[in-house]
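Per-entry structural report
Single-letter residue listing:
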Amino acid sequence: MAPLPVPLRTPLLPHIVTKTVPFNQNGSSLVDNFSRTISYLRLSVTDRCNLRCLYCMPDESGDNACRRKNSPILSHVDLLSYEELLRIVRVAVRLGMNKIRLTGGEPLVRRGILDFIAYLMKIDGLDEVRLTTNGVLLHDYAQSLYNSGIRQLNISLDSLKREKFARITGRDYFEKVWQGIRAARDLGFRIKINIVAMRGINDDEFGDFVNLALNEPFQVRFIEFMPVGEKSSWQLDQFIRAEEIQASVSDLGSFEPIQRLRVDGPARVFHLRAKDGRQGYVGFISPISHHFCDQCNRLRLTAEGKLRSCLLNDSERDIKALLRRGATDEELMKMIRDTVLDKPKGHRLQGQLEDGAALQCPGQMSRIGG
Ligand code: SAM
Ligand code: SF4
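Residues numbered from 1 in each chain as written. Chains lettered and ligands numbered in written order. Predicted model: local features only at pLDDT ≥ 70, side-chain atom pairs only at ≥ 80, totals over all residues. Heavy atoms only, no water.

**Side note on the site of ligand 1**
The test is simple: Distances are taken per atom, and a residue is near a molecule or strand as soon as one of its heavy atoms is within 4 Å of it. Polar contacts, as used here, are pairs of N or O atoms within 3.5 Å; protein pairs need one atom able to donate a hydrogen and one able to accept it. Residues neighboring in sequence count only if both atoms are side-chain atoms. Only the protein chains shown count as covering a residue, and every accessible area follows the Shrake-Rupley method with a 1.4 Å probe. Strands are runs of DSSP state E lasting at least two residues, helices are runs of H or I lasting at least four, and both sets are numbered from the N terminus onward. Note on residue classes: Ala, Val, Leu, Ile, Met, Phe, Trp, Tyr, Cys and Pro are nonpolar, Asp, Glu, Lys and Arg are charged, and everything else, Gly too, is polar.
The environment of ligand 1 is made up of 18 residues, and the closest members are Tyr55, Gly105, Thr133, Ser156 and Met226. Glu106 is positioned with one of its side-chain polar atoms (N or O) 3.2 Å from a nitrogen atom of ligand 1. Between an oxygen atom of ligand 1 and a side-chain N or O atom of Ser156, the distance comes to 2.5 Å. Protein chains bury 95% of the 540 Å² of accessible surface belonging to ligand 1 in isolation. Of all the elements in the fold, those that place two or more residues in the shell around ligand 1 are strand E3 (128-133) and strand E5 (190-197). Here the shell around ligand 1 is built from residues that sort into six nonpolar, 10 polar and two charged.

**Some thoughts on the packing of helix H2 (residues 82-94) against helix H3 (residues 113-120)**
Put simply, the rule reads: The axes are straight lines fitted to the C-alpha atoms, using for helices just the contacting stretch, and the angles between their N-to-C directions are given from 0 to 180°. By definition in this entry, angles of less than 35 degrees are roughly parallel, angles greater than 145 are roughly antiparallel, angles of 65 to 115 are roughly perpendicular, and the rest are oblique. Left-handed describes a crossing in which the near helix is turned anticlockwise from the far one by less than a right angle; the clockwise case is right-handed. For this analysis, residues touch if any pair of their heavy atoms sits within 4.5 Å.
For the pair H2 and H3, interaxial distance at closest approach is 11 Å and the crossing angle is 25°. Relative to H3, the element H2 is oriented roughly parallel. The interaxial crossing formed by H2 with H3 has right-handed handedness. Here Tyr82, Leu85, Leu86 and Val89 of H2 lie close against H3, whose contacting residues are Ile113, Phe116, Tyr119 and Leu120.

**Overview of the site of ligand 2**
Around ligand 2, the neighbouring residues are Cys49, Leu51, Cys53, Tyr55, Cys56, Met57, Gly105 and Asn134. Of the residues assigned to the shell around ligand 2, the class counts are six nonpolar, two polar and no charged.

**Examining the pairing of strand E8 (residues 267-273)**
Formally: Each residue is assigned to one of three classes by its accessible area relative to the maximum for its type, calculated with a 1.4 Å probe on protein chains only: buried under 20%, partly exposed between the two thresholds, exposed over 50%. Strand pairing requires that DSSP identify at least two bridges connecting the strands.
Burial analysis of E8 places six of its seven residues in the buried class, the great majority of the element. By the bridge criterion, four bridges tie strand E7 (residues 254-257) to E8 in an arrangement that is antiparallel. Paired with Glu256 across the strands is His271, a residue of E8. Of the strand pairs in this sheet, E8 and strand E9 (residues 279-285) are connected by seven bridges, and their pairing is antiparallel. Of the residues in E9, the one forming a bridge with Leu272 is Gly280. Linking two consecutive strands that pair antiparallel, namely E8 and E9, is a turn of five residues; a positive phi of about 95° is found at Gly277 within it.

**Some details on the nonpolar core**
Formally: Nonpolar cores are built from buried Ala, Val, Leu, Ile, Met, Phe, Trp, Tyr and Cys residues. Side-chain atoms within 4.5 Å join them into one set.
In this structure, Leu43, Leu102, Phe116, Leu120, Leu145, Ile193 and Phe222 are the most contacted members of the largest nonpolar core, which totals 108 residues. The greatest single-element share of this core, amounting to eight residues, is contributed by H2. In this structure, Phe222 is in contact with Ile195, Phe206, Phe209, Val210, Ile245, Val282, Gly283, Phe284 and Ile285, ignoring residues within four places of it in sequence.

**Structural notes on the side chain of Asp329**
With respect to the element layout, Asp329 can be found in helix H10 (residues 329-342). A polar contact is formed between the side chain of Asp329 and the side chain of Arg94, at a distance of 3.4 Å. Discounting residues that sit within four places of it in the chain, Asp329 has contacts with Arg87, Arg90, Val91 and Arg94.

**Topic: helix H7 (residues 206-215)**
Residues of H7 that are buried: Phe206, Phe209, Val210, Leu212, Ala213 and Leu214. Packing partners of the buried residues in H7 comprise helix H6 (174-187), E5, strand E6 (218-224), helix H8 (242-248), E8 and E9.

**Quick look at the sheet that holds strand E1 (residues 40-44)**
Picture the strands of a sheet paired through backbone hydrogen bonds; they go either parallel or antiparallel. If you trace the 12 strands from one edge of the open sheet to the other, you get E7-E8-E9-E6-E5-E4-E3-E2-E1-E10-E11-E12, paired in mixed fashion. Of all the strands in the sheet, just E7 and strand E12 (316-318) have a single pairing partner and so form its edges. Here the strands of the sheet are splayed against their neighbours by 25° on average, with no regard to which way each runs. Across the sheet, H2 touches E1, strand E2 (99-103) and strand E10 (298-301), and the angle it forms with E1 is around 175°.

**Thoughts on the packing of aromatic side chains**
Here is the rule we go by: Stacked, edge-to-face and tilted are the three classes for Phe, Tyr and Trp ring pairs, Trp counted by its six-membered ring, which pair at centre distances within 6.5 Å; planes under 30 degrees apart are stacked, over 60 edge-to-face, the rest tilted.
Going through the model one piece at a time under the given rule, you end up with 11 aromatic pairs. Between Tyr82 and Phe116 the ring centres are 4.6 Å apart and the planes differ by 15°, which places this aromatic pair in the stacked class. Of this pair, Tyr82 sits in helix H2 while Phe116 sits in helix H3, placing them 34 residues apart in sequence. Using a relative accessible area of 4% as the deciding quantity, one classes Tyr82 as buried. When its relative accessible area of 0% is taken as the criterion, Phe116 is described as buried. When the centroid spacing of 5.7 Å and the interplanar angle of 20° are considered together, the rings of Phe222 and Phe284 count as stacked.

**Considerations on the pattern of salt bridges**
Close approach of charged atoms lets side chains of opposite charge pair. So the rule is basically this: By definition, a salt bridge exists where a carboxyl oxygen of Asp or Glu is found within 4 Å of a side-chain nitrogen of Lys or Arg.
Counted by the stated rule, this structure contains 19 salt bridges. Residues Glu128 and Arg190 are paired through a salt bridge, measuring 3.3 Å at the closest nitrogen-oxygen approach. Here the residue Glu128 occupies a position in strand E3, and Arg190 occupies one in strand E5, the gap between them amounting to 62 residues. What makes Glu128 partly exposed here is its relative accessible area of 22%. On the accessibility criterion, Arg190 (43% relative accessible area) is partly exposed. By sharing partners, the salt bridges in this structure join Lys161, Lys164, Asp204 and Glu205 into a single network.

So, in structure tokens, the structure goes:
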């Protein structure tokens, strides 16, 4: 593994990386009250970020915390340490979880992230570790991430135009991100490009993004703009339903639906054949207009150590407090199971949208991890 830019402050404790044998090799033992098997854990490893996306944590004038580099909102002690994260993952894997996504904030701004990933990769029973990133640091990290064993990246990119990218993200880093995407592509990562679709902001570029999917080996996925976070700039008139996005690009070729696998998550993915013979994959994620709650297989762990069973429901359990009180593995498992049993059947944003009610889910996206 390439040397770390910054060493871990505390060496990782050896007992944390002891190989564990999951007691359920055939699938997760975590089944909720609606017969959904929970096998996927999203870890928000930091709430800090080197961008200021207007839909997530926009720059706020007068707010020094947000203007400081990488916006340290949670103090170091409030964050789950890597040792604590590894312990929770190990216990979750013993319960049958087999897939982890690292997210944030921006996961690559957390110091020691590569070392953490290396330890994560040693956990028996964990089949896959994936990463969601804004790509700003990808050029520097791509090779090390590849060496660590990560093979799939979700990269957020809301505009292919430098100036607009800067307007959406608050930072003039388009070239850096693009360089990172190219480096990752050249290394052979499977890449999904995620676009938050916003009317009047980037809807003029949907065709360009579809062309990106036709010209490059990337799956391009349009995500409905969600009203998550008090700081988000969400407005009803900027929201575009997935059907409308799809209709706006339908003349670019024929869209043949790909059969969804449970592991695919909430995207409806299409094999696109353009009239000129080019092919590619395009997805539409419609958490609001056409949610897939009935197939949801995930739990989330927020940056400050709260277990959360639904992105759009603010009920959480404080696993960090339990851990820091000296909990046994069995107590941690119980909290994970209880969170699974709390998982709501679905969210109600679609109904609220139809009723014309003001939508708002106050949880901060950067601490929840999307
Ligand atoms: N910083 C990384 C990134 O941007 O890819 C990871 C964290 S970000 C919170 C995870 C995902 O959530 C990104 O794809 C981002 O576009 C998406 N996201 C954030 N706020 C959103 C919103 N209000 N509506 C829809 N997607 C959102
Ligand atoms: Fe940062 Fe990702 Fe939120 Fe944008 S969406 S501000 S890149 S955490």
